[in-house]
Amino acid sequence: MDLPRTPSFRLDGKRALVTGASSGIGLGAAVALAEAGAHVVCAARGMDRLTDAVAGMTGAGLRAEALPLDVADVEECRAACAGAPFDVVVNAAGLARHSPALETRPEDYDAVMGVNLRGAYFLSTEAARAMRAAGQGGSIIHISSQMAHVGGIDRAVYAASKHGLDGMVKSMAIEWGRAGIRINAICPTFIRTPLTEQTFDNPDRVKWIEDKIKLGRVGEVEDIMGAVVYLAGAASAMVTGTSLLVDGGWTAG
Ligand code: NAD
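Engineer: Quick one: what's the story with the packing of helix α4 (residues 106-133) against helix α5 (residues 156-176), residue by residue and with numbers?
Structural biologist: Closest axis-to-axis distance for the α4/α5 pair is 9 Å, and the angle between their directions is 15 degrees. What the angle tells us is that α4 and α5 run roughly parallel. Along this stretch, α4 crosses α5, giving a crossing that reads as right-handed. Residues Tyr 109, Val 112, Met 113, Asn 116, Leu 117, Ala 120, Tyr 121, Ser 124, Thr 125, Ala 128 and Arg 132 of α4 touch α5, and the partners they reach there are Val 157, Tyr 158, Ala 160, Ser 161, Lys 162, Gly 164, Leu 165, Met 168, Met 172, Glu 175 and Trp 176. For the contact of α4 with α5, the per-class residue count stands at 14 nonpolar, 5 polar and 3 charged.

Engineer: Explain the pairing of strand β4 (residues 88-91) residue by residue, including any values.
Structural biologist: Taking every second residue as pointing to the same face, both faces of β4 are buried, with Val 88 and Val 90 on one and Val 89 and Asn 91 on the other. By the bridge criterion, 4 bridges tie strand β1 (residues 15-19) to β4 in an arrangement that is parallel. Looking at β4, one finds that Ala 16 is bridged to Val 88. Relative to strand β5 (residues 138-143), β4 runs parallel, the two sharing 4 bridges. Within the sheet, the bridge partner assigned to Val 89 lies in β5 and is Ile 140. Of the crossover connections in this fold, the one passing from β4 over α4 to the parallel β5 is right-handed.

Engineer: Please give an account of the sheet that holds β4 that cites residues and values.
Structural biologist: Read from one edge to the other, the open sheet built from 7 strands follows the order β3-β2-β1-β4-β5-β6-β7, with strand pairing classed as parallel. Edge strands, defined here as strands with exactly one partner in the open sheet, are β3 (64-68) and β7 (243-246). Neighbour to neighbour, the strand axes of the sheet diverge by 20 degrees on average, direction disregarded. Along the sheet, helix α1 (residues 24-35) makes contact with β1, β2 (39-44), β4, β5 and β6 (181-188), crossing β1 at roughly 170 degrees. Helix α8 (residues 222-232) rests against β4, β5, β6 and β7 of the sheet, and its axis sits at about 170 degrees to β6.

Engineer: Account for the pattern of salt bridges, with residues named and values stated.
Structural biologist: In a structure, side chains of opposite charge can pair up when their charged atoms sit close to one another. This model, assessed by the stated rule, comprises 12 salt bridges. Note that Asp 12 is salt-bridged to Arg 10, the shortest N-O span being 2.8 Å. Arg 10 gets classed as partly exposed once you look at its relative accessible area, which sits at 43%. As a salt-bridge pair, Arg 205 and Asp 154 come within 3.1 Å of each other at their nearest N and O atoms. Placement of the pair is Arg 205 in helix α7 (residues 203-212) and Asp 154 in the loop between β5 and α5, with a sequence separation of 51 residues.

Engineer: How would you sum up the environment of Ile 143? Please name residues and give values.
Structural biologist: In this structure, Ile 143 sits in strand β5. Along the primary structure Ile 143 and Ser 243 are separated by 100 residues, whereas in three dimensions their C-alpha atoms are 9.7 Å apart. Once you skip the residues sitting within four places of it in the chain, Ile 143 turns out to touch Ile 25, Val 90, Asn 91, Ala 92, Lys 162, Leu 165, Ile 186, Pro 188 and Val 228.

Thresholds, definitions, all that
Residues numbered from 1 in each chain as written. Predicted model: local features only at pLDDT ≥ 70, side-chain atom pairs only at ≥ 80, totals over all residues. Heavy atoms only, no water. Axes fitted to C-alpha atoms, helices over the stretch in contact; angles between N-to-C directions. Helix = DSSP H or I, 4+ residues; strand = E, 2+ residues; numbered from the N terminus. Parallel < 35°, antiparallel > 145°, perpendicular 65-115°, else oblique. Left-handed = near helix turned anticlockwise from the far one by under 90°. Contact = heavy atoms within 4.5 Å. Nonpolar A, V, L, I, M, F, W, Y, C, P; charged D, E, K, R; others polar. Buried < 20%, exposed > 50% of the residue type's maximum accessible area, 1.4 Å probe, protein only. Pairing = 2+ DSSP bridges. Right-handed = clockwise from strand over helix to strand, strands pointing away. Salt bridge = Lys/Arg side-chain N within 4 Å of Asp/Glu carboxyl O.

Okay, structure coming up:
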């Protein structure tokens, strides 16, 4: 009897772009893709930390290179995607400026939306444009948040940007599915990274987080790496337009 074959989780021969790759979840995504065999273009705004990250990866025998990229700049996104198309794009660039809604300044609103939603939007269109021009499919993965599914204290702008991302992912999946371009979001709970340092310094917020996460611990970058590899390759070939919660049960109730 012919048994079904488990699709490979390997990414050998694939080219990947990871934004926000110099720290946190982006660095985790870059390492995960490279360990699965991909050549990873690691992008970030500043080159200092990025150069260190790429040196660490190549020193470990992984295939990686550095690229300066501000995802809020559409021209830079276009240039980054202009050469040979990427097979995988992981957008982990993100910004948070938390405050009570009544105290949100317009410049904070614009900054968060400019990176988390507008940046994600045009990075997606430029990546997909290049894939289509080359007649190839690909997988685009946005690091969204559980705040795409629920609200949070002081998080009206951040949650709005991530809820917006969800609608964008669904709509682009409808448009690009026939071209073999998949687009999905990963929605993490609180993960220990530079972005959440301030939150973890606040005992009230830590209590809120520990009460809500059913698995009884906060997330680590490693908790997101398997989801990235899954959505990047053949194992998720029938998955598009979805939101993969990696939230320790936060949104379960
Ligand atoms: P992080 O601060 O370590 O990483 C964010 C990265 O994005 C940084 O390297 C930063 O330089 C980069 N970045 C910001 N603006 C950019 C721009 N305009 N162009 C290019 N890069 C830019 O934080 P992280 O926690 O790893 O966050 C990664 C993503 O994960 C973000 O989208 C964040 O919203 C999301 N997320 C994080 C958590 C968490 O608890 N840490 C939870 C859910 C979702």
